[in-house]
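Residue-level structural notes
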Amino acid sequence: MRYLPKSPADREAMLKAIGARSIDDLFAPIPAEYRLNRDLKVPRQMAESEIVDWFRECSRENAEAYVTFLGAGAYYHYRPVIIDSLISRGEFLTAYTPYQPEISQGTLQSIFEFQTMICELTGMEVANASMYDGSTAAAEAATMACRVTGRNAVAIARSVHPEYREVLATYAHHQGMPLATVPFTESGRVNLNELDKAITPDTACVLIQSPNFFGTIEDVAAIADVAHKHGAMLVVSIAEAVSLGIVEPPRQADIIAMEAQSFGVPLTFGGPYCGVIATREKYVRQMPGRLVGQTTDRNGKRGFVLTLATREQHIRREKATSNICTNQALIALMANIFMTIYGKVGLRELAKQNLAKAAYAAQEFGRHAKVLFSGAPRFNEFVVQTSEDPYAINGRILQHKIVGGLPLKKFYPELGNAALWCCTEMTTRAAIDTAVSSVAESERIVKSVKEPADVQEVAR
Amino acid sequence: MKHVTRKATRHVNQNEGLIFEKSSPGKAAWKLPPLDVPEVDTAELLGPSERKDLGNMPEVSEIEIIRHFTRLSTWNYAIDLGMYPLGSCTMKYNPRVNEVVSRLDGLANGHPYQPEKVSQGALRILQTLSECLIEITGMDAITLQPAAGAHGELTGLLMVRAYHQSKGTPRKKILIPDSAHGTNPATAAMVGYAVENLKSNAQGMVDVAALASQMNEEVAALMLTNPNTLGIFEQEIHKIADIMHAKGGLLYMDGANMNALVGKVRPGDFGVDLMHLNLHKTFSTPHGGGGPGSGPVAIKKILEPFLPTPVVITKPDGSLGFEYNRPQSVGRVRAFYGNFGMFVRALAYTLANGPDGLRQTTEDAVLNANYIRKGLEGVYDLPYSTPTMHEVVFSDKVQAKKGVKTMDIAKRLIDYGFHPYTTAFPLIVPGALMIEPTESEPKEELDLFIEAMKSIAEEVEEDSQMVLAAPHTTRVSRLDETAAARKPVLRWKP
């Protein structure tokens, strides 16, 4: 086996040194009746070239080289090549959690920079070293709000990513955390009157997403007013991090739960991604997840350490703020490098391109079908309602090696034949025009079928 | 210092400030293509939602970014540099072909919501890995969704709860041995269970008599790490399983130490009802400085209705797809399907090994741990003489007489060119030195490690002050962690 660095002679010598006759002696503690006396039924040992071929075959069967209009919590942005050059360095890739700061300053300083940039972008005072992903970060932010307020209920907007809501429901189920769902209005934004009614004296927080699942930017200030009036905290989930380049961050929030996948993390069929929680300094001791802090060594030299560990499971055990142990260090490093590359000016320009592409596409789709929620500003996603089932339209678009928008029936049956479309800087005008013409064609056919039918109706 | 360090030599590395300290207006590392759609008026589109300023975000060039992160990287220790003997962390070699295949275009750029018709490649990876892991663990079904080991524990206990609920009552307690990892009790609390401690016996194993007296109809499950955190296989595992099952309880296995068992014994065969695996330990996916992990949960048939949604299925036409309609499911624990990139890597590792490689890997891991044990026996105190599997736990009892604790020895080990072992864990061994070499170490590296540990033991006798002040060769000396926690500085400010 090519990963194993021992010759048969080495093994012999080591067994001799230990005083064992054979390797079986070392497995004697396992009761004989349970020992496996056969080969595992897994594929035979493969050569590296065979492994590459096996996965190439999988890759080819996986929409390779397709253009996508899917967003919905996972975004296709350009990844500058130096991200992979840098994260592939063994010193980052093959290091453990930086519990030994003297030989982990590289990881620690990069996380400190990550925390700083997340604070700059979100307008919050502190950010952690990362969480599993945006969905679990949102659920953990809600439980954090319960700890801070001493209340136990959560009001969650229906315009939050449906799978994020499902995760929260799973987390809430056994913690005695009642959930109230707040509807959206014609503009796609949170219904403020309904929100006001949904908040009770037990409500620890209001959880919204902005831009929300439909791509609509919420009126965060108005929502914050309603939440705060009732003594509830405001938790804002951000699933499309690139929006922070051009959209005012939700500064009125008490906790922000982010998904940083858009910052240089490949789609990879849904993970690994990079959640983050950011909040006000006064809540830091109730925050879950790892934190890096600045300090000095014995000679007064600046250095970084993992800090405030008394919140965490390895110290507090069942009284910890969360059971979370790992973070997403390597993915946070991708995000860190991405934020550094685009920086103060580039991130705004990048976000502006996303805005322009989506605005163009929404306008073009709007010529032939109904674009919902046009009463409020949006970032790079929008909802198109067609006469025909979007699955059928997407099936035809797929023939152009284009993946159309996400049909919303599964999550929002009330929206009928609606689909969520996303455009990023990677979406070309040509692809938009092809998709729009497919939708236009669909509308034309549906109408031409309908019209003669209507005529007959009248005739009868 | 008269002791010779054969493994490491000091060399110059570069100083580097924070990235913000290199920023100045007008520098850039990015270039966007020309816009092929009309420009937009952002003020008109966004109104008051428009952001005007990105604060103190940096402005630097590409070469500065390359140098910045390359310099930072040289301040880290890594498996690629040498042995990383962290107990229960399984710091093994991270094969590079894993990184290559996970970056293939269709896999790296696959969107989780693309139609199943054009996702057959990803689904095949999910299914093949599932089949391999089910066979390796001897279980009946699996979910790959949990994002890490602790997340797997959460998922597992949610299923435990749903299982008992389906029988009428969720029950109240989870039994956890005193040698357990801190995530176990923290997880039990998250699922609404009370934690009851289970004492270990003099051999470092579960006290079966105590378990029998503590087990009753209020106990939902026992969370057991096997081999446990002392590196000891629970030899009475069959009795443990019987005691749990007799009173309707479940046996949960924390699979953190699965590297001691793969291909040699299967938890499903010795009575385990459910267990999580750490793909970032046993299955070689990189730790990356603290994540991403991946924590699949393998289960017996009785728990299958409660698996998180969705589940991969083979459809009547032979194609693969996701099934969402599972009324008894515990729900979803994460958006999408889990850390797919880690599945690709874990499967590549399994294919590279095959059945013979997996078995040899386990044998070498156990051989290495026993070789270290033999080499250091008599030099460091061995609190439990029970046979060792893949890791060995010593204590600092001898050295503590000179005022030198496990953390001090660990810090001195850095000067010898090694990453420290796990210190002060498990909690049942005061001053623990927990050492797991994994299969990835050649005999030469193990000999250097043993030599270094022996040398430090001598230094403790000769010059304990020098050991207490270690490390002496790193960029920074011991850092003031108390000050860091008392007055936290968690971000840079201009």
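Here we look at the overall build of chain B
Across its full length, chain B carries 15 helices and 12 strands. Relative to the globule expectation of 23 Å for 494 residues, the C-alpha radius of gyration of chain B, 25 Å, shows essentially globular dimensions. Here chain B, with 494 residues, has 59% of them falling under the buried criterion. For chain B, long-range pairs separated by at least 24 residues make up 72% of all intrachain contacts whose partners lie at least 6 apart in sequence.

Some points on the interface of chain B and chain A
Facing 170 residues of chain B, the contacting portion of chain A comprises 163 residues. With 23 residues, the single largest contributor to the side of chain B that touches chain A is helix H10 (residues 340-376) of chain B.

Looking at the packing of helix H7 (residues 134-149) of chain A against helix H8 (residues 162-173) of chain A
Residue and element names in this part refer to chain A. As a packed pair, H7 and H8 sit with axes 8 Å apart at the nearest point and diverge in direction by 45 degrees. Taken as axis vectors, H7 and H8 run oblique relative to one another. As H7 packs across H8, the resulting crossing turns out to be right-handed. Two secondary-structure elements touch here, H7 through Gly-134, Ser-135, Thr-136, Ala-138, Ala-139, Ala-142 and Thr-143 and H8 through Glu-163, Tyr-164, Val-167, Leu-168 and Tyr-171. Per-class residue counts for the contact of H7 with H8 are 7 nonpolar, 4 polar and 1 charged.

Describing the confidence of the model for chain B
For any part of a model where pLDDT is low, the fine detail of the predicted coordinates should not be relied upon. Mean pLDDT over chain B: 96, with 100% of residues reaching 70 or higher. Scoring of the predicted complex yields 0.97 for pTM and 0.97 for ipTM.

Regarding the domain arrangement of chain A
All names here are of chain A. The domains assigned to chain A are domain 1 (82-339) and domain 2 (345-459). Across the contact, 16 residues belong to domain 1 and 20 residues belong to domain 2. Tallied by class, the residues present in the side of domain 1 that touches domain 2 amount to 7 nonpolar, 6 polar and 3 charged.

Concerning helix H9 (residues 237-246) of chain B
All names here are of chain B. Considered for burial, the residues of H9 that qualify are Ile-237, Ile-240, Ala-241, Ile-243 and Met-244. In a view along the axis of H9, the buried residues occupy a sector of 160 degrees, so they form one face of it. Along its buried surface, H9 packs onto helix H8 (208-214), strand S4 (219-225) and strand S5 (250-254). Once H9 finishes, Gly-248 follows within two positions and takes phi at roughly 80 degrees, a positive value.

So, the sheet that holds strand S11 (residues 370-371) of chain A
Residues and elements named next belong to chain A. Taken together, 4 strands build an open sheet; the order of strands is S11-S12-S15-S14 and the sheet is antiparallel. Either end of the sheet is taken by a strand with one partner, and the two such strands are S11 and strand S14 (406-407). Two elements, S11 and strand S12 (residues 381-385), share 2 bridges in a ladder whose sense is antiparallel. Bridge pairing in S12 links Lys-370 to Gln-385. Strands in contact with helix H12 (residues 329-366) are S11, S12 and strand S15 (418-422); relative to S12, the strand with the most contacts, it is inclined by about 10 degrees.

Let's talk about the pairing of S5(B)
Residue and element names in this part refer to chain B. Taking burial as the measure, the 5 residues of S5 include 5 buried ones, the bulk of the element. The two faces of S5 match: Leu-250, Tyr-252 and Asp-254 on one face and Leu-251 and Met-253 on the other face are all buried. Two elements, S4 and S5, share 5 bridges in a ladder whose sense is parallel. If you follow Met-223 over to S5, its bridge partner there is Tyr-252. As a crossover connection, the stretch from S4 through H9 into S5 is right-handed.

Looking at the sheet that holds strand S11 (residues 422-423) of chain B
All names here are of chain B. Spatially, S10-S12-S11 is the arrangement adopted by the 3 strands of the open sheet, whose pairing is antiparallel. Both edges of this open sheet fall to strand S10 (392-395) and S11, since each of them pairs with a single strand only. Pairing geometry for S11 and strand S12 (residues 432-435), over 2 bridges, is antiparallel. For Thr-422, the partnering residue across the bridge sits in S12 and is Met-434.

Cut-off values and rules
- Residues numbered from 1 in each chain as written.
- Chains lettered and ligands numbered in written order.
- Predicted model: local features only at pLDDT ≥ 70, side-chain atom pairs only at ≥ 80, totals over all residues.
- Helix = DSSP H or I, 4+ residues; strand = E, 2+ residues; numbered from the N terminus.
- Rg over C-alpha atoms; globule rule 2.2 N^0.38 Å.
- Buried ≥ 20, exposed ≤ 12 C-beta atoms within 10 Å, placed from the backbone.
- Contact = placed C-beta atoms within 7 Å.
- Axes fitted to C-alpha atoms, helices over the stretch in contact; angles between N-to-C directions.
- Parallel < 35°, antiparallel > 145°, perpendicular 65-115°, else oblique.
- Left-handed = near helix turned anticlockwise from the far one by under 90°.
- Nonpolar A, V, L, I, M, F, W, Y, C, P; charged D, E, K, R; others polar.
- pLDDT = per-residue confidence, 0-100.
- Domains from an automatic or database assignment.
- Arc of directions from axis to C-beta.
- Pairing = 2+ DSSP bridges.
- Right-handed = clockwise from strand over helix to strand, strands pointing away.

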